[in-house]
Structures are given as structure tokens and as C-alpha cells.
Amino acid sequence: MKQQRMTGWVAAGVGITALIALGTTAMAAPVKPDYPKSIGKGEGQLNIVAWEGYAQDDWVKPFEAATSCKVNRKYAGSSDEMVTLMRQGGGSEYDLVSASGDATLRLIYGGAVQPVSVDLIDDYKNFLPQLQSPPHNTINGIHYGISYDWGPNTLLYNTDKVTPAPTSWSVIYSDAYKGKVTVPDNPIQIADAALYLMATKPELGIKDPYELTQKQLDAAGDLLKAQQPLIKKYWALASDEIELFKNGDAVVGAAWPYQTNTLKAANVKVEDTIPAEGATGWADTWMLSAKAKHPNCAYLWMQYVSTPKVQAQQAIYFGATPANKLACSEMDKLEAGSCTKYHLDAPASYFDKIKFWKTPRAECGDGSKSCTNYTKWQQKWQQIKG
Amino acid sequence: MASQPAPVSGEIIVRVNNVRKTYRSTVAVEHVDLEIRRGEFFTLLGPSGSGKTTTLRLIAGFELPDSGMIEINGADVTKKPPYDRDINTVFQDYALFPHMSVAQNIAYGLETRGVKRADIITRVDEALRMVRLEGFGERLPAQLSGGQRQRVGLARAIVNRPQVLLLDEPLGALDLKLRQEMQSELKRIQAEVNITFLYVTHDQEEALTMSDRLAVFNKGRIEQMGTPVEVYEKPSTEFVANFLGTTNILDRDGRRIMIRPEKMVLTGSGDTLAAAGYHGEPGIVRDAIYVGMFSRYLVELSGGAVVTVVQQNLDRFSASQARQRGEHVQVSWRPENVNAL
Amino acid sequence: MTALTTQTTPSGALRRFSALLWRHPRFGAALLLTPPLGWFVLIYLAALVALFVSAFWTVDDFTGEIIHEWSLTNFITIAGDPTYRAIALRTVGMAAIVTITDIVLAFPFAYYMARIAGPKLRAALFALVLLPLWSSYLARVYSWRLILSNDGLLNWSLAHLGLPALNIGYTNWAMWIVFSYIWLPFMITPIYAALERIPHSLFEASQDLGGRGFRTLRKVVLPLALPGIIAGSIFTFSLTLGDYITPILVGGPGSDFIGNVVYANVGIANNIPFAAAYAAIPLVVMCIYLLVARRLGAFEMM
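Each helix and strand in chain C was counted, giving 13 helices and 2 strands. The C-alpha radius of gyration of chain C comes to 26 Å, more than 25% above the 19 Å expected for a compact globule of 302 residues. Looking at the 302 residues of chain C, the share that counts as buried comes to 43%. Sequence-distant contacts in chain C: of pairs separated by 6 or more residues, those separated by 24 or more amount to 69%. A total of about 16000 Å² of accessible surface is found on chain C, and carbon and sulfur atoms cover 73% of it. On chain C, the mean spot of the 18 positive side-chain charges and the mean spot of the 13 negative ones are 19 Å from each other.

Written out as C-alpha cells, the structure reads:
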């Protein structure tokens, strides 16, 4: 009797396990294009997953008034949460997501999002050329979303403590500021090291900091392991880094313009720069769910948020740079000098220095499978942090 | 048992001199003077809150007196902690260490005093035998009955062969039969180890049967001290007279006098015993209670006051022998049995 | 008439049913226990089984899909990679050190509360111990971060005392301090409960038998407080073992815990089998800990 009962429980456990397993492996390949001819009438509702600050009433209310699409917002705390939310309920619960470059490929290859017709987005042609077909949201010429805003990962330093002003990432890899360095706690940070190695060790043959062979990954890992003893803290949140600089725990590190602006506003003597080696950058994309219930409202939203005015509002609210070049004058209208502050009017050479985030995959850009995937990066990052 | 000659050598082992102890504004004891002789079974008797336990705790060292002096075996221990006094205590709640076996409990005091391992084993066995708990050494206190636990508590104390053993109402938690059994056990053990016992109880019968001498406490003071016979037969205060047994108190000729009920004789109305030297007064029976060994009567005396009279039923009891309620009777007593207060 | 019969039937059935329960109390108990027990088995045990089973799977490097084949790969990686060994050791070691620290700090405090302080002071101390629990865990950890930072309260105080600055912000020292602080109430409370339960007469009995303070403490108080100490240590040990927020907030480089690795693998890398395998370590450690505690007799006297 007892044994029978036991077998019953084991069977139940195995059954549940199988269910969990099924849930995690449902989707497979990128979705094939099936574009609408034009944007139809709104369905009355729009469910979006977004970063906090990406859907403020300032620009959501006018959209709702103009389109009668009621916007239901769900804020996500991390890229991983976004991926999870977009898979929830078979993927039909949400229509749009403001995915970052370290999540986009996961959503595309996981079949969670569908191709978007850029022809239906009027302002698309006004986007920075680098963000019209970036590899993090465009595969073989098929667009899986519309770029929104972006920011570079800059070199932030305390102007009192770090002299002369650094022009190279080498400042965070050398002993000069030992124990006062801070970099993000994110495996994607390996790309920063790879970018530095592209300039300093060309013999490694790194062409794309997000496409590394095992040997190249190891080299980047070694550089970062050597950096570990110099680190005060691997920051997890932007506010962490702001605090580190405010309290004098860190004097130099990798950052976003947001940190620089916040620290300057708090009268902390800091400056940021894009060093000679270039920089990585994050860029967000509005992506359309493969099973969107309200595609017309979704297209109307993408159309609307690409306009210069909304792009400017969003950029200033969040401390980022718009994808639409025409947003410059709108930004200056909202806050004098903000266009220059966020480098939207910078020359093309500035943008060429920025390598936007994309998820590392086993398949390299040339089709070979000799690259290291994100799991490998994650494990490498763990070894680096210790 | 009470009348056994006390094995008293006269040497003073515990001396308490004018001790006073207060808790905040309440006086627990004051003007307490005691002299306890070596080998004595001395009882502190009194109702709860009378100061008897406080006195014991002062002697044990669990409390320090506000003033006065305490001497044990000639040494001033007034300010010394319990572990520097050559005495041991048997606690009312036994206070056995629940995580130690019976043998470990008993060995505890010997170990603290650094007695050799082999000696400890012998002495623990000896103590177990004395309290008739051979073979219980490995048990935990939780596995014992109340009476057995009390024996362990006793063994744990006497194994140290202290100058004085303090017993704080040790039988209070036991039922009547067990209590009587333990009373004689205690007397037997005291005779065997020849240690001075200082015993606290509120049970007057226990005090009378067991003690060589006793002190009666009331309201923080000692009312009377003496042998059980002295204290019972010649109580010096009304409180003592009432606390030890029943008593009749009368106002006669401007004096307050006391006569024990069993020392009164009941005869028929007009049947005086004056010839035999008795003093007699007429009265009416207000209540008659048959108890078995004796009968108890409440008699209203014509001279005032209601007295209790106890008559032994020496012959087989019959209705004719009994005094009826409302019957006119004569109550008589010998003048030498009268106590003037 | 019909209405009457329909009304009596259910009450009759109910009465028969209640009579059945009365005659067979075991049946009643089973009826009472089945829903919570079923819930427990289904949710808790099934989740554990799922965790253990998935720990033996792997993730395909190219597709990112879970391969449902039995393999020890994850465990071999954990055992073979010095990083994962170091993190596991760091986590367990920190849990042990925090537990010992809390015992050392909590015991005298709990002793004072339970045996020395008067009723008013005791209530005040209780409030003092429990008050931090009413504020957010995050707020408390963040406040420590501010205290320990370079320009924080600690260094400010040291500077005023003319002492050199301590650079312990964002280090394992900081984690040790913060963990010891935040879990301290979980150690004080059970030790207090254990000490408070010891009858006063046992202290007197020990003194009476010649035991001075230290001997009484070692032979009587400590053994009787042991169940409380063990109960507290189960809290502090398991809470530290499972934490991953404090390492993020106050840890520096080389401060990751098992929880951080699990989080990174579930969230960022989507390698659930590896996360499951690594999450098995604290589970196993906790099982061993409880077995040892039971062997020490900690549960017998509870």
C-alpha cells in the first residue's frame, strides 16, 4: 500500500516536470514575414511591455485621444522579465515590447515576435542610418521591430581625481585607480573588453565584439580577470554607480549618459567620454508580438512614437538619445542644449564608434558556428567576478 | 516520633542574628534571630508570606539581608554567595537539571568541588542507595515520578555532606500518602547521615511530627520557638495557638485564657467534676459532629463564648452516649491545662 | 409534505456522516488533512522533484533548448570549475561565520533580556530587537551601504577619532557585517525563548551545588539554551545561504553567492538545468545541517 502510494507521487512529480519542460521548449524559429498593406482601424486596446519611463502619460494620453487605442502598460524590471512576459499565455497577452539589444535576438529566434513593415512607419527614413537596420533587430534584411532610443556606454570619470582626462579605456584596465573602478555587472561587459582588444591586440582577429570565438572569449576573459582586483564594485543599477561616484568609492568606470547627467546635476565633478577605441551601446526596439491581438493599434503606436516630438519627449525624460534625427530641434525646444548633450547632432564618425548590444550566439555573422553563445558568456562572466 | 530525644550536642551550627530583608517597600522578615544546633531537625513553620522561606533563602545565600548577620559553623557568611557556603538545598520544585541523568545530577556538586572520579562514582551509588533509587542512575528526571524526583533532589544535596541541609517545602507537591512515607524517609536519612536539617513547611502536623525544634513565623517575625511539645502545649501567642491545632480562647476574670479542645471534658448538666480539681461551666450543645475516633462538639457557655470540645470515643459509640444538639451540659477543665496569654 | 421530506433528508445524511466521523476518528483526521497535505505534496514536493530532475538535463549550445537526457554535465561543471566551487564555499562559509557571529552577539543580549532586565526594560529591548524587522530589508541593507561607503558614517566617525579610514565598503567584510546585523533578531528571539523557559531554581540549584557563574553557564544554561541556539542558527544559516540581494548591494568583486549564480543562470543565460543543479547545493547543505542538529539532540528538547 505504502509503496503504491509512493509510486503515485513519483508519477505525479514526473508528470508535472514534463509539463514544465514542455512550457520552456514550445517555440523555435524566427517568424516569417506577413505584412499588412496598410494600418487599419484601431482595435481599441493596446497591451505593451515597456521599461519604466517609456510610456509616460505626457505622450500616451494624446495617443489615446487620437487613436482611441487604450494603452495598458506593464513595466518590466529586466530584459529577462521582458522575454518571459512576451512568452506568457502563449505570447498573445501583449502586443508590443520595448526590448533592449540583449533581448531582441532571443525574442526573434524564440519566435516570440514578428517582422514589422517599416514602410508603414513614416519617420523610419529619418532614423540615424546606424539604427535603420541594426543587427540586433534586423536579420537578412527582415526588420523585427522599430528602433526607439539608445545610449552609448561611456567612460565616466571624476575630473578631480582622474587627471589628465582619459582618452582610452586603458584607464579602467591599469593599476592607476586600483579599487576605485566600477563597471556594470553584466556579461555583455565582455564586449567592452573585446572592443578594447580589437584596438590593442589586433592579432586576436576580433571583428565584432559580440561574435567571439572561444579563443577570443578567453582573451577577453583574461583581460577582465586581471581587471577584477581593480574593481570596487560591479554595479547592477544605474543608481548604484551614481552612489559610488557620489561617495568617492569609485572615480572611474563604464557608465551611461544618464549617470553623468545625474551626477553633474548633483554637483559631483564628473565628465564622460567615448574613448579612442570606441564604445558599446544599448539600443531599444519596439517589437510586435507574433500573436498580437491588436496589430493595428501596435502599428499606430510605432508610427506615433517615431515622430520627432515623442522621440524628444522620451529622450529627455529618460536621458537617452532618439533614433529620429529630426528630434533635435524638438529636444532643444523642451530643454535648451539637450540635443548636443545627448550627442544627437554629433557627426557620423561618433555613431560609427558605437557598437550596439546584441545577444551573442553560437552562429557567427558569417554563418559558421564557431562563436560562443550567451551561456558561455555568462559562465565566463561568473569566472571573472569570482 | 516527636518525643524522640534530639541528637543535639549544643554546638550552634547556624546563627541568624537580627536579620532584616525588604523587597521594595514590603518587609519580608525582620528581627529574626535563630540558633540551630548541630544535628538538629529544625523547622521553620508558618503560613505563606510569613517569612519562613525568605529566612531559608537568606541562609542559603540566594538572597542577601539588608541588615543583620548570618553565621554557619562559626564563620560569617552574611555576604557570601551560595557556592561559598557549606550548605545544600532541596528545592520545592526539585530543580533537577532536565538535561542530565539522575547520576549526573547527583554528581554535579561533587564535580564542582573537584572530587576524584572514582570517589564520585562510589558516593553517587551510596546516595542512590540511601534514597532507595538503586538502578535509576541512567534515567532522565522526566522519566521519574514526583516522589522519585524528590528523592533525587535529596540525594543530590546530601551527597555533598554539607554542614546543613536546607529543605524548602520538599513534600509540598506530593499527595498525602507519599508525603507521610517521605516524612519517615527523611527522618531515617537524617539519622543515617547525621546532618543538621533546616526544614520549611506550612503544614503544622508535619512540623510537629518531624521536628526537634521549630520556629513559628508570622508577618515576617518569629512568634515562638521551641520543641513541638512546648509550642503546642504552651503557645505564647494567640496566633501560635491557632496556627498549631484548634484552640478555645476565653475571657475570664479579666484574663485571656486558652484551652485546647481535647483538654476539656463534657458531662451531663449538673455533673460537676469539681471534686477531681476541675473547673466547670454550664453550657448548651450547639452542634455535635461524629468523626469516628472522636466526636466534636460546639458548646455555648453560659459565661459567654462558644468552645470546641473534643471527646474521644473510648467505647463503642452509641446514640445514648452522644450529647444531643440543644442538650444542657457541663464543660470542665483542669486549671493547669489553661494557658494565660 | 414533500417540502418536509426534502428538508429532513440532507440533515439526516449530515447526521449520519457526522456519526461516521465520530465512530472513525481516523477517517475524520484524514478528511481534514487531505487538502493541505495534497497541496503541500503537489506544490512543494513536486517542485523539488522537478528541480532535481531538471538538474540532470542540459541546454543545447546552439538552439538554447533543453535536452531531456540524463547527464551529469552540470554537476561535473560545478565540481570541476574552481569558480563554482569557490562560490559554493564562500556561501556556506559566510553562512557559518554569520551564524557563529550571531550566536556570540545574541546570547549575552538574550540572556540579559530573559534573566536580568526588569519587565519594562525587557519590553523596551524586545521592541528594539524587533523594530528593524518592521522596516524593509532593502532599506536596512542600503543604510549599511551608506554607513560603510568611502565617505560614509563609519569613516566620518573614524576621521573624527583621528583614526585611519577603513575601506570595507563593497567587500566580504561588509557582507559579514550586514548579514550578521539583519539576521540577528532571528537568533535573539529563539535564544531568548529558550533562556526564559529555564526555571529560576535551576540557577540556584547550580549555585547551591558550588557552581560559580561560568560553570552554571556551561553546564546548565548552555545545554538548556541549545535548542534555541540551534533554532536560531537554522534561521541565520538558511537565510544567509539563500540570500542573493545583499551580495548585489553591499558585496564587491568576488562576493557572489550561490543565489546570484542561480539567478544569473535562470534569468540572463536561460540555463535552467544548470541553475537547478547549483540550487541543489544549498538544499543538500541544509539537509546535512538539519541531520547534524538532530544528531546533537536539538529537536528532542524542543
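A few words now on the packing of helix H3 (residues 73–80) of chain C against helix H4 (residues 82–116) of chain C. The geometry of a pair of packed helices is captured by two quantities: the angle between their axes and the separation between those axes. All names here are of chain C. Here H3 crosses H4 at 75°, and the two axes come no closer than 5 Å. One way to sum up the angle between H3 and H4 is to call them roughly perpendicular. Residues Thr77, Ile78, Ala79 and Gly80 of H3 pack against Pro82, Tyr84 and Arg85 of H4. Tallied by class, residues from the contact of H3 with H4 come to 4 nonpolar, 2 polar and 1 charged.

This next bit is on the pairing of strand E12 (residues 270–273) of chain A. Residues and elements named next belong to chain A. Burial of E12 is one-sided: the residues Val270 and Asp272 facing one way are buried, the residues Glu271 and Thr273 facing the other way are not. In this sheet, E12 lies alongside strand E8 (residues 154–158) in antiparallel orientation, the contact comprising 4 bridges. From the neighbouring strand, Leu156 faces E12, where its bridge partner is Asp272.

This paragraph deals with the sheet that holds strand E12 (residues 255–259) of chain B. Two modes of strand pairing occur in sheets, parallel and antiparallel, and in both the strands are linked by backbone hydrogen bonds. Residues and elements named next belong to chain B. With respect to topology, 3 strands assemble into an open sheet ordered E11-E12-E18, the strand pairing being antiparallel. What marks the edges here is a single partner per strand, and that holds for strand E11 (248–252) and strand E18 (339–340). Looking at chain direction, E12 and E18 are connected through 2 bridges and run antiparallel. Bridge pairing in E18 links Met258 to Asn339.

All names here are of chain B. Taken in spatial order, the 6 strands make up an open sheet running E6-E7-E8-E3-E9-E10, and their pairing is mixed. Two strands close off the open sheet at either side, each with one partner strand: strand E6 (87–90) and strand E10 (221–226). Taking each pair of neighbouring strands and ignoring which way they run, the sheet shows an average axis angle of 20°. Bridge count for strand E3 (residues 41–45) against strand E9 (residues 213–218) is 4 bridges, and the pairing is parallel. Across the sheet, the residue bridging to Phe42 is Arg213, located in E9.

Okay, the confidence of the model for chain C next. All names here are of chain C. Counting all residues, the mean pLDDT for chain C is 87, and 91% of those residues have values of 70 or more. Within the model, pLDDT remains below 50 along residues 1–7, and this stretch shows 0 contacts once partners closer than five positions in the same chain are excluded. Complex prediction metrics read pTM 0.79 and ipTM 0.84.

Here we come to the domain arrangement of chain C. One can read the domain layout of chain C as domain 1 (4–45) and domain 2 (82–301). Distance from the C-alpha centre of domain 1 of chain C to the C-alpha centre of domain 2 of chain C: 44 Å.

Taken residue by residue, helix H8 (residues 257–265) of chain A has A:Pro257, A:Gln259, A:Thr260, A:Asn261 and A:Leu263 as its buried positions. At the exit of H8(A) stands A:Asn267, carrying a positive phi of roughly 60°.

Right, let's get into the interface of chain C and chain A. In this assembly, 45 residues from chain C lie in contact with 41 residues from chain A. Summed over both sides, the interface of chain C with chain A buries roughly 3500 Å², with 54% coming from carbon and sulfur. Counting across the interface, chain C meets chain A through 3 salt bridges. Counting every contact that joins chain C to chain A gives 15 residue pairs in polar contact (both at pLDDT 80 or more). Those elements that provide at least two residues to the side of chain C that touches chain A are helix H2 (25–54), H4, helix H6 (137–148), helix H11 (245–250) and helix H12 (258–268) of chain C.

It is worth spelling out the interface of chain B and chain C at this point. Taken together, the 23 residues of chain B in the interface contact 18 residues of chain C. Carbon and sulfur atoms supply 59% of the area that chain B and chain C bury against each other, a total of about 1800 Å² over both sides. Interface area lost by chain B to chain C is led by B:Tyr83, B:His99 and B:Tyr108, which between them contribute 35%. The tally of links from chain B across to chain C stands at 3 salt bridges. Measuring nitrogen to oxygen at the nearest pair gives 3.5 Å for the salt bridge that ties B:Glu111 to C:Arg215. Counting across the chain B and chain C interface gives 11 residue pairs in polar contact (both at pLDDT 80 or more). Only E6 and helix H2 (102–112) of chain B provide two or more residues apiece to the side of chain B that touches chain C. In terms of residues, the side of chain B that touches chain C owes the most to one element, H2(B), which gives 4 residues. Partitioning the side of chain B that touches chain C into residue classes produces 11 nonpolar, 6 polar and 6 charged.

Where charged atoms of side chains with opposite charge meet at close range, the side chains can pair. Residues and elements named next belong to chain B. All told, the structure shown has 40 salt bridges over all chains when counted by the stated rule. Two residues, Glu126 and Arg161, come together in a salt bridge whose shortest N-O distance is 3.7 Å. Of this pair, Glu126 sits in helix H3 (residues 117–130) while Arg161 sits in the loop between helix H4 (146–158) and strand E7 (164–168), and the two are 35 residues apart along the sequence. Bridged by salt links that share partners, the residues Arg132, Arg151, Glu181, Glu185, Arg188 and Glu192 form one connected network.

We now examine the state of the cysteines. What we call a disulfide is simply a covalent bond connecting the sulfur atoms of a pair of cysteines. All names here are of chain A. The tally for this structure, following the rule as stated, stands at 3 disulfides over all chains. Each sulfur in the disulfide pair Cys69 and Cys297 lies 1.9 Å from the other. Its S-S torsion of about -85° marks the bond between Cys69 and Cys297 as left-handed, since a negative value means left-handed. Of this pair, Cys69 sits in the loop between helix H2 (57–67) and strand E2 (70–75) while Cys297 sits in helix H9 (residues 295–305); the two residues are 228 residues apart in sequence, bridging distant segments of the chain. Like Cys297, Cys69 is buried. One disulfide bridge connects Cys328 with Cys339, the sulfur atoms lying 1.9 Å from each other. Every disulfide takes its handedness from the sign of the S-S torsion; for Cys328 and Cys339 that torsion is -105°, giving left-handed. Here Cys328, found in helix H11 (residues 327–334), pairs with Cys339, found in helix H12 (residues 338–341); they are 11 residues apart in sequence, far enough to count as distant. Each member of the pair, Cys328 together with Cys339, is buried.

Burial within helix H9 (residues 200–208) of chain C is extensive, with 7 of its 9 residues counted as buried. All of the buried residues along H9(C) are C:Ser201, C:Leu202, C:Phe203, C:Glu204, C:Ala205, C:Ser206 and C:Asp208. Contacts from the buried residues of H9(C) go to helix H1 (52–60), E6, H2 and H4 of chain B together with H4 and helix H10 (213–242) of chain C. Backbone geometry just after H9(C) places C:Gly210 at a positive phi near 95°.

By convention here, two paired aromatic rings are described through the distance between centres and the angle between planes. Using the criterion set out here, one finds 39 aromatic pairs over all chains in the structure. Between the aromatic rings of C:Tyr84 and C:Tyr278, the centroid separation amounts to 5.5 Å while the plane-to-plane angle is 70°, which identifies the pairing as edge-to-face. Linking C:Tyr84 in helix H4 with C:Tyr278 in helix H13 (residues 272–295), this pair joins segments that are 194 residues apart in sequence. A connected cluster of aromatic rings, assembled from ring pairs, spans A:Tyr54, A:Phe63, A:Tyr148, A:Trp282, A:Trp286, A:Trp301, A:Tyr304 and A:Phe318. Positioned above the aromatic ring of A:Tyr109, the side-chain terminus of A:Arg361 is 3.4 Å from the ring centre. The ring centre of B:Tyr108 lies 4.6 Å from the NZ or CZ of C:Arg215, which sits over that ring.

Our focus in this paragraph is the domain arrangement of chain B. Residues and elements named next belong to chain B. Domains assigned within chain B are domain 1 (12–241) and domain 2 (246–340). Relative placement of domain 1 and domain 2: their C-alpha centres are 40 Å apart. With 7 residues of domain 1 at the interface, the matching set in domain 2 holds 8 residues. In this assembly, domain 1 packs against domain 2 so that about 650 Å² is buried in total across both faces, 39% of it on carbon and sulfur atoms. The largest share of the area that domain 1 buries against domain 2 comes from Tyr232, Glu238 and Ala241, three residues that together contribute 69% of it. Put simply, domain 1 and domain 2 have 2 salt bridges between them.

Here we take up the side chain of B:Asn88. Counting through the fold element by element, B:Asn88 comes out in strand E6. Apart from the residues lying within four places of it in its own chain, the contact partners of B:Asn88 are B:Ala157, B:Asn160, B:Pro162, B:Val164, B:Leu165, B:Leu166, C:Asp208 and C:Leu209.

How each quantity is defined
- Residues numbered from 1 in each chain as written.
- Chains lettered and ligands numbered in written order.
- Predicted model: local features only at pLDDT ≥ 70, side-chain atom pairs only at ≥ 80, totals over all residues.
- Heavy atoms only, no water.
- Helix = DSSP H or I, 4+ residues; strand = E, 2+ residues; numbered from the N terminus.
- Rg over C-alpha atoms; globule rule 2.2 N^0.38 Å.
- Buried < 20%, exposed > 50% of the residue type's maximum accessible area, 1.4 Å probe, protein only.
- Contact = heavy atoms within 4.5 Å.
- Areas by Shrake-Rupley, 256 points an atom, 1.4 Å probe, with all protein chains shown as cover.
- Lys, Arg positive; Asp, Glu negative; His and termini not counted.
- Charge placed at Lys NZ, Arg CZ, Asp CG, Glu CD.
- Axes fitted to C-alpha atoms, helices over the stretch in contact; angles between N-to-C directions.
- Parallel < 35°, antiparallel > 145°, perpendicular 65-115°, else oblique.
- Nonpolar A, V, L, I, M, F, W, Y, C, P; charged D, E, K, R; others polar.
- Pairing = 2+ DSSP bridges.
- pLDDT = per-residue confidence, 0-100.
- Domains from an automatic or database assignment.
- Buried area = accessible area lost by both parts, 1.4 Å probe.
- Salt bridge = Lys/Arg side-chain N within 4 Å of Asp/Glu carboxyl O.
- Polar contact = N/O pair within 3.5 Å; in protein donor to acceptor, adjacent residues only side chain to side chain.
- Disulfide = S-S within 2.5 Å.
- Phe/Tyr/Trp six-rings, centres within 6.5 Å; stacked < 30°, edge-to-face > 60°.
- Lys NZ or Arg CZ within 6 Å of the ring centre and 35° of its normal.

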